[in-house]
Amino acid sequence: MRPTTTHRSGLRWLTAAGFGVLIGCSDPSTGSDDDPTTSASTGTTASTPDPGSTGIPTTNDPAADSTTDTTADASGFIDHPDGSPFNFECDLFEQDCPKGEKCMAAAMNGGTWDSTICVPIAEDPGAPGDPCTVEVSAQSGFDDCELGAVCAQVNNATLEGICAAMCIGDPSAPTCADPNSTCIITASGAGPLLCQFNCDPVAQNCPEGQGCYAVSDDFLCQLDASGRQGAAGDSCEFTNVCDPGNLCLNPDATPGCASGVGCCSSVCSLADPMPPCLPGQSCVPWYERGGAPPNYEDVGVCFVE
């Protein structure tokens, strides 16, 4: 089987360690050999898994769930999956907290987000894309990002992550202020709507410490959780435990893959006469013919023919 469309049957989609996007695959609880033990702060509104995409989820969120529902309630939360009540102190879209504070999603009763609270804005807050830290946990609501931004892709061990802008607009049709970003949701179906930067998987033009990974129908900058593993041919459970420039694909995409979950395989350019593929692989289109977004027409992935 070779990938041929944006919905290639048979390819499972793993999420990225530290991201919280889980689409169509069981959710493992560990990442790379370095065990980033990351917590999902974000997920994706993009629809079904892009079989042209890795087939492998993009995060190791233990609570992550498959979702395509992008309808938020008035506070900016996606409807809670178990129907439990929320406690709203403020509105994530309106940002109606007193001056010097910002409205944040929080888990007041443990587990995932169940409330919105007003918290102080840090003295020297980070902008979207800047490194950040949280207090206690990714779901505490307390971080050092600026107004309208949240610390996402948080490593549970270090409490460090990357600031991400909150989505703007109407809760039923959220969007991003930055046209080069995509509005995403938590994979668990509850939590704030956040924006992640679009990127070029061939050029790998993300900030240091991040890679350009496939997230459903998009390529977005995600935390590089590869650690000591992540080269082409290495086993993987999440797409961002592969080195930047590689994606986690089903075992049959990579020759000699010893994992029952997936192995890393290189992104390639269809225009490259000598793509960085392993013996037995060739560079095949990521998107079906005529289905690639502008500027992504040459994106391919190394795959066993």
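Structure: see above.
Let me begin by describing the structure that accompanies this report. (Residues numbered from 1 in each chain as written. Predicted model: local features only at pLDDT ≥ 70, side-chain atom pairs only at ≥ 80, totals over all residues. Heavy atoms only, no water.)

**With respect to the overall build of the chain**
Definition in use: Helix and strand labels come from DSSP, where a helix needs a run of H or I of at least four residues and a strand needs a run of E of at least two; each type is numbered from the N terminus. Summary of the burial criterion: residues with accessible area below 20% of their type's maximum are buried, those above 50% are exposed, and those between are partly exposed, where the area comes from a 1.4 Å probe applied to protein chains only. Each accessible area value is a Shrake-Rupley result obtained with a 1.4 Å probe; residue values ignore everything except the protein chains displayed when judging cover.
Along its length, the chain carries 0 helices and 17 strands. Sorting the 305 residues of the chain into buried and exposed places 53% on the buried side. With an accessible surface of roughly 12000 Å², the chain has 50% of that area assigned to carbon and sulfur atoms.

**A few points about the environment of Gly256**
In this structure, Gly256 sits in the loop between β14 (246-249) and β15 (263-269). Judged by its relative accessible area of 76%, Gly256 falls in the exposed class. Considering only alpha carbons, one finds Gly256 and Gly280, 24 residues apart in sequence, at a separation of 9.8 Å.

**Here we look at the sheet that holds strand β4 (residues 115-120)**
To keep it simple, the criterion reads: Following DSSP output, two strands are said to pair if at least two bridges run between them.
Taken together, 3 strands build an open sheet; the order of strands is β2-β4-β3 and the sheet is mixed. At either end of the open sheet lies a strand with only one pairing partner, and these are β2 (87-88) and β3 (101-106). Bridge analysis of β3 against β4 gives 6 bridges, and the strand direction is antiparallel. Looking at the pairing, Lys102 lines up with Val119 of β4.

**Examining the state of the cysteines**
Cut-off, in case you're wondering: Note on terminology: pairs of cysteine sulfur atoms within 2.5 Å are recorded as disulfides.
Scanning all chains against the criterion turns up 13 disulfides. A disulfide bridge connects Cys167 with Cys183, and the sulfur atoms are separated by 2.1 Å. When the S-S torsion is 115°, as for the bridge of Cys167 with Cys183, the disulfide is right-handed. Placement of Cys167 in the loop between β7 (160-165) and β8 (168-170) and of Cys183 in strand β10 (residues 181-184) is noted, with a sequence separation of 16 residues between them. For the residue pair Cys167 and Cys183, the accessibility class agrees, reading buried in each case.

**Points about the sheet that holds strand β16 (residues 281-285)**
We count it as follows: To obtain an axis, a line is fitted to C-alpha atoms, over the contacting stretch when the element is a helix, and the angle between two such axes runs from 0 to 180 degrees between their N-to-C directions.
Reading across the sheet, the 4 strands line up as β14-β15-β17-β16 and stay open at both edges, with antiparallel pairing between neighbours. At either end of the open sheet lies a strand with only one pairing partner, and these are β14 and β16. Geometrically, the sheet is characterised by an average inter-axis angle of 45° between neighbouring strands, direction not taken into account.

**A closer look at the pairing of β14**
Neither face of β14 is open: one carries Asn246 and Cys248, the other Leu247 and Leu249, and all of them are buried. Judged from the 4 bridges that link them, β14 and β15 form a sheet pairing that is antiparallel. Bridge pairing in β15 places Leu247 opposite Ser265.

**Quick word on the pattern of salt bridges**
Which entries qualify depends on this criterion: The term salt bridge refers to a side-chain nitrogen of Lys or Arg lying within 4 Å of a carboxyl oxygen of Asp or Glu.
Throughout the structure, instances matching the rule amount to 1 salt bridge. A salt bridge links Asp143 to Lys102; its shortest N-O distance comes to 2.6 Å. Taken together, the residues Asp143 in the loop between β5 (131-133) and β6 (149-155) and Lys102 in strand β3 connect sequence positions 41 residues apart. Accessibility classification places Asp143 together with Lys102 in one group, the buried group.

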